[in-house]
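Overview (structure and organization)
Below are the chains, spelled out letter by letter.
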Amino acid sequence: MAAAARFFIRGANSRLPVSSVGTGTSGSVGAALLQLSPRCSSRLKTQRRHAAHFTYQPDPVPTQYGETQKMNLFQSITSALDNVLSSDPTAVIFGEDVAFGGVFRCTVGLRDKYGKDRVFNTPLCEQGIVGFGIGAAVAGATAIAEIQFADYIFPAFDQIVNEAAKYRYRSGNLFDCGNLTIRAPWGCVGHGSLYHSQSPEAFFVHCPGIKVVIPRGPMQAKGLLLSCIADRNPCIFFEPKILYRAAVEQVPVESYTIPLSEAEVLQEGSDVTLVAWGTQVHVLREVADMAQEKLGVSCEVIDLRTIQPWDIETVCKSVVKTGRLLVSHEAPVTGGFAAEISSTVQEECFLNLEAPISRVCEDDQLLKPSQLLLVLKSTHSSLFPPPSSSQWRAARKRHFVDRLIRSASRWPPCPSASSI
Amino acid sequence: MLTNISNVLRACAQRNGAAAVMSARSYADFTTQATFEIKKCDVFKLDEAPATEVVMTREEGLKYYHTMQTMRRMELKADQLYKQKIIRGFCHLYDGQEACAVGIEAAINLTDHLITAYRAHGYTYTRGGTVKEIMAELTGRRGGIAKGKGGSMHMYCKNFYGGNGIVGAQVPLGAGVALACKYQGNNELCVCLYGDGAANQGQIFETYNMASLWKLPVIFICENNRYGMGTSVERAAASTDYFKRGEFIPGLRVDGMDVLCVREATRFAADHCRSGKGPILMELQTYRYHGHSMSDPGVSYRTREEIQEVRSKSDPISLLKDRLLSNNMASVEELKVIDVEVRKEIEDAAQFATTDPEPPLDDLCNHIFSNNPPVEVRGTNPWAKLKSVS
């Protein structure tokens, strides 16, 4: 299978010099797919609502953690917080509007159950929320702070980076704010535009001392959130807001943890490694299916889960096996976390790589035209590919597969460990 | 006799249109101006207060009425269009608070500067935007005031700096604009607005300090509509006397539902600033009928009775209308004609906003940086290179 794929790719390479990629030539399936690539046209149509660009793929029902219940993402967060508040008497939850349940209903019922001294609202002051949370954590409470949208985390950036991250180090381990966990809704949601769609994980990974975790679904979210809360380091937990209602699966009712800094290989493959986190994992799973079906390319899909510190070993092992890597995220490409993964992998696995590492991320270049596009997407759906949701999804996926081919076709294939 | 003629003419007017009415009753019938008693403002660190007896002319009254009615209708139309999914994204409506925008504008000049938060449609209108441009911006079309790229929260026009999404972020910006005014010595000032929720942000206090230290000509205005999203002021603020929060900045608390009160207080504040005394803080006590945004029904944190009560007792447009009518400064028919005119204008604007084409694809990546020559930007499809021109 691998040999066949390489043959195919070699064929594609010979017929498609990179420069003529857009024009398309007849012949290989790759070229045909490239011809089908959506080209933005300025057709004017009445606005249409975009369907989600992915289908949520639920995890298999877990059996090792006891009884499970059907929950969506926000319910699994509520369940995790419920477990924490009942087992840890020092746990407190605070943030804007958490008392009535939160704007995404993640804290529904907790105030009634545990009291207003444990689940309370803060005024509108992110810097104050995080600073206050650091103080509470240092003094021994398990502080779970909510920032209403990840886009609003920037007033608190100084507190996180300069205070929370460095507390243990600068006090020589005398003090620490390991009890602090910050939760924030994260990522594109379709109508969010500039200030309700950002994915700021890259800003925080640049700072040693904090952990950044992003789940792909309810079952993962509960386990990872409980791990973050239990972890002795300040953690930022980003929750993909588009999945709050869309992602439904069976989640254990009792408390359980999923280890941090461990990536998960969702499906094994031999030709290319695809790495993503959060919502994008589901997109890549569909891409992997499409690549298998249309190109016979076998993809290994990895969910990174913990962004910082990330599981370098799992990703590198996979790249050694496949020889090709594609990282995808919603945040803009420049300075996005894919750049860090890319850099590390090429350092560790240079001789195993058969093609340059590809990053498929929200476009950027300059001042986040991705946000511009999100604004436009929410109001100008006519600018973007075909109307019906399945066609639109198909077009997006073709884009990914095109990138796969492109990254694969850049270099002539060389013998890798798996072919010997 | 005169009455008969006027009746006939009025009947004609109702069939034909607006213009005839003005001639139905002669100017002698209307009072050209009247003096009104307005509520006294609470003051903080001030020896004087704004006047409590104010004069309003008939022209002014009709202008305020026209402007407030336009704003009210525009917001209600936006509500309608949003529910029809013609407007997408976020939409924060200003109905109920019209007296604030109109009163402030009445006391400053168009050469002065103004900056506000996301509930900005009203201010865009008073600062010089047309209803057409505003509605087209809401629907994201090329005729929009920000070329369709800004949306509800990002509307701008000359001397109006928006339209800002992040809560409280516009306040330091306002102080900066005021610094530019002082530096350039042009006797202009900056009106810097924020809400009761934003009043608890740290950057506001930083701005108070800088403005006071450097005696910047800035009027800080807190539009206290009693709810920061869903949180009432009592639950969010240790001190709900927002006009005293400046501590070393003099303050005024003003009835924000009365356009004359707001105008008088703003006049007072503007004089204060222009005389070089530094910043001043105003709290406008007002109310919004809609929820925080279109996704907020607005009734989960307050009762319908409360909204109804404010609507019936303190609606700014009704207050002004009563004043005009009871002082014989306008007639019911005249105001009705204005209503009809306004409705038509809004309908036309909505029609334009719905049918205007969306911005061209070439515009997609423009104005990211200021660049010369044009720069290439990668599109969502990596083989679609888009040009960015500035």
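Along every chain, residues carry numbers that run from 1 in the direction the sequence is written. A letter from A marks each chain and a number from 1 marks each ligand, given out in the order of writing. With the structure being a predicted model, the display of local features is reserved for residues of pLDDT at least 70 and the display and counting of side-chain atom pairs for 80 or more, all residues being used for whole-chain, interface and lining totals. Just so you know, side-chain values use all the structure's heavy atoms and leave hydrogens and water out.

You'll find chain B entered in an unreviewed UniProt entry as Pyruvate dehydrogenase E1 component subunit alpha, with Oryzias javanicus given as the organism. UniProt positions are given in the numbering used here, feature names are shortened, and annotations may be inferred rather than shown by experiment. Entered under Function (unreviewed entry) in the UniProt record, the comment concerning chain B runs "The pyruvate dehydrogenase complex catalyzes the overall conversion of pyruvate to acetyl-CoA and CO(2), and thereby links the glycolytic pathway to the tricarboxylic cycle." Recorded in UniProt for chain B, the comment headed Subcellular location (unreviewed entry) runs: "Mitochondrion matrix".

The name recorded for chain A in an unreviewed UniProt entry is 3-methyl-2-oxobutanoate dehydrogenase (2-methylpropanoyl-transferring), from Oryzias javanicus. According to UniProt, the comment filed for chain A under the heading Cofactor (unreviewed entry) is "thiamine diphosphate". The Catalytic activity (unreviewed entry) field of the UniProt record for chain A holds the comment "N(6)-[(R)-lipoyl]-L-lysyl-[protein] + 3-methyl-2-oxobutanoate + H(+) = N(6)-[(R)-S(8)-2-methylpropanoyldihydrolipoyl]-L-lysyl-[protein] + CO2".

With that out of the way, let us pick up the overall build of chain B. Helix and strand assignments follow DSSP, with helices taken as H or I runs no shorter than four residues and strands as E runs no shorter than two, numbered in order from the N terminus. Scanning chain B from N- to C-terminus turns up 13 helices and twelve strands. Taking 2.2 N^0.38 as the reference for a compact globule, 390 residues should give roughly 21 Å; the C-alpha atoms of chain B span a radius of gyration of 22 Å, in line with that estimate. C-alpha atoms of chain B, sized along the principal axes, occupy 80 × 55 × 45 Å. Here the term buried applies to any residue with accessible area under 20% of the maximum for its type, exposed to any over 50%, and partly exposed to those in between, with areas from a 1.4 Å probe on protein chains only. Across the 390 residues of chain B, 58% fall into the buried class. All accessible-area figures derive from a Shrake-Rupley calculation using a 1.4 Å probe, and residue coverage is judged against the displayed protein chains alone. Of the accessible surface of chain B, which amounts to about 16,400 Å², a share of 52% is contributed by carbon and sulfur atoms. For chain B, the distance from the average position of its 46 positive side-chain charges to the average position of its 46 negative side-chain charges is 4 Å. Atoms considered for the radius of gyration are the C-alpha atoms alone. The globule rule reads 2.2 Å times the number of residues to the power 0.38. Counted as positive: Lys and Arg. Counted as negative: Asp and Glu, with His and the chain ends omitted from the count. Think of each charge as sitting on NZ of Lys, CZ of Arg, CG of Asp or CD of Glu.

Residue and element names in this part refer to chain A. Boundaries of every domain are those given by an automatic assignment or by a domain database. According to the domain assignment, chain A consists of domain 1 (68-252) and domain 2 (264-367). What makes two residues a contact is simply this: any of their non-hydrogen atoms within 4.5 Å. On the domain 2 side, the residues contacting the 20 residues of domain 1 number 19 residues. Contact between domain 1 and domain 2 buries roughly 1,600 Å² in total, counting both sides, with carbon and sulfur atoms accounting for 57%. Considering only the surface of domain 1 that becomes buried against domain 2, Val 205, Ile 214 and Arg 216 emerge as the three largest contributors, covering 37% of it. Throughout this description, the term salt bridge denotes a Lys or Arg side-chain nitrogen within 4 Å of a carboxyl oxygen of Asp or Glu. Linking domain 1 with domain 2 are two salt bridges. Close ionic contact of Asp 303 with Arg 216 constitutes a salt bridge, the shortest N to O distance being 2.7 Å. Computed with a 1.4 Å rolling probe, the buried area is the accessible surface lost when two parts are put together, summed over both parts.

Right, let's talk about the UniProt feature "domain: Transketolase-like pyrimidine-binding" (unreviewed entry) in chain A for a bit. When the UniProt feature table is mapped to this numbering, "domain: Transketolase-like pyrimidine-binding" (unreviewed entry) covers residues 71-246 of chain A. The distance separating the terminal C-alpha atoms of residues 71-246 of chain A is 10 Å; by composition the span is 38% helix and 18% strand.

All names here are of chain A. When DSSP finds two or more bridges between a pair of strands, those strands are recorded as paired. Read across the open sheet, the seven strands follow the order S3-S2-S4-S5-S7-S6-S12; overall the sheet is mixed. Where the open sheet ends on each side, the last strands, each with one partner, are strand S3 (119-121) and strand S12 (306-308). Recorded for the sheet is a direction-independent mean angle of 20° between the axes of neighbouring strands. By the bridge criterion, six bridges tie strand S5 (residues 180-186) to strand S7 (residues 235-240) in an arrangement that is parallel. Counterpart to Ala 184 in the pairing with S7 is Phe 238. Think of each axis as a best-fit line through the C-alpha atoms, taken over the contacting stretch in the case of a helix, with angles from 0 to 180 degrees between the N-to-C directions.

Another point: the packing of helix H3 (residues 58-83) of chain B against helix H4 (residues 98-107) of chain B. Residues and elements named next belong to chain B. Remark: H3 packs on H4, axes separated minimally by 9 Å, with the N-to-C direction vectors making an angle of 140°. Between H3 and H4, the angle is such that the two are oblique. Between H3 and H4 lies a crossing whose hand is right-handed. Mapping the contact onto sequence places Tyr 64, Thr 67, Met 68, Met 71 and Arg 72 in H3 and Glu 98, Ala 99, Ala 101, Val 102 and Ala 106 in H4. Grouping the amino acids of the contact of H3 with H4 by side-chain chemistry returns seven nonpolar, one polar and two charged. Angle categories: roughly parallel below 35 degrees, roughly antiparallel above 145, roughly perpendicular from 65 to 115, and oblique for all the rest. Left-handed describes a crossing whose near helix is turned anticlockwise from the far helix by less than a right angle; the clockwise case is right-handed. Residues are grouped as follows: Ala, Val, Leu, Ile, Met, Phe, Trp, Tyr, Cys and Pro are nonpolar; Asp, Glu, Lys and Arg are charged; all remaining types, including Gly, are polar.

Bringing the confidence of the model for chain B into the picture now. Residue and element names in this part refer to chain B. For every residue, the pLDDT score states the predictor's confidence, bounded by 0 at the bottom and 100 at the top. The predicted model of chain B has a mean per-residue pLDDT of 90, with 91% of residues at 70 or higher. Low pLDDT (under 50) marks residues 16-24, which in the prediction has 13 contacts with non-local residues, meaning those over four places away or in another chain. Per the prediction output, this complex has pTM 0.78; the corresponding ipTM is 0.75.

This part is about the pattern of salt bridges. Using the criterion set out here, one finds 31 salt bridges over all chains in the structure. Here Arg 216 of chain A and Glu 264 of chain A are joined by a salt bridge, their closest N and O atoms 3.3 Å apart. Placement of Arg 216 of chain A in the loop between strand S6 (211-213) and helix H9 (218-230) and of Glu 264 of chain A in strand S9 (residues 264-267) is noted, with a sequence separation of 48 residues between them. By relative accessible area, Glu 264 of chain A is classed as partly exposed at 23%. Of the charged contacts in the structure, one is a salt bridge between Asp 241 of chain B and Lys 244 of chain B, with a shortest N-O distance of 3.8 Å.

Moving on: the domain arrangement of chain B. By domain assignment, chain B separates into domain 1 (37-359) and domain 2 (361-389). Domain 1 of chain B and domain 2 of chain B are separated by 36 Å when their C-alpha centres are compared.

Right, let's get into the packing of aromatic side chains. Between the rings of Phe, Tyr and Trp (Trp by its six-membered ring), a pair exists once the centres lie within 6.5 Å; its type follows the angle of the planes, with under 30 degrees stacked, over 60 edge-to-face, and the other angles tilted. Under the criterion given, the structure shown has 21 aromatic pairs over all chains. Ring geometry for Tyr 167 of chain A versus Phe 175 of chain A: centroids 6.4 Å apart, planes at 80°, classification edge-to-face. Summarising the aromatic geometry, the rings of Tyr 287 of chain B and Tyr 289 of chain B are spaced 6.5 Å apart at their centres and angled 55° between planes, so their arrangement reads as tilted. For the pair Tyr 287 of chain B and Tyr 289 of chain B, a shared accessibility class is recorded, and that class is buried. Feature note: the residues Phe 154, Phe 157, Phe 203, Phe 204 and Phe 238 of chain A constitute an aromatic cluster, connected by ring pairs. A positively charged side chain is recorded as over a ring if its NZ (Lys) or CZ (Arg) lies within 6 Å of the ring centre. The angle to the ring normal must also be within 35 degrees. Arg 170 of chain A extends its terminal NZ or CZ atom over the ring of Tyr 167 of chain A, reaching a point 4.6 Å from the ring centre.

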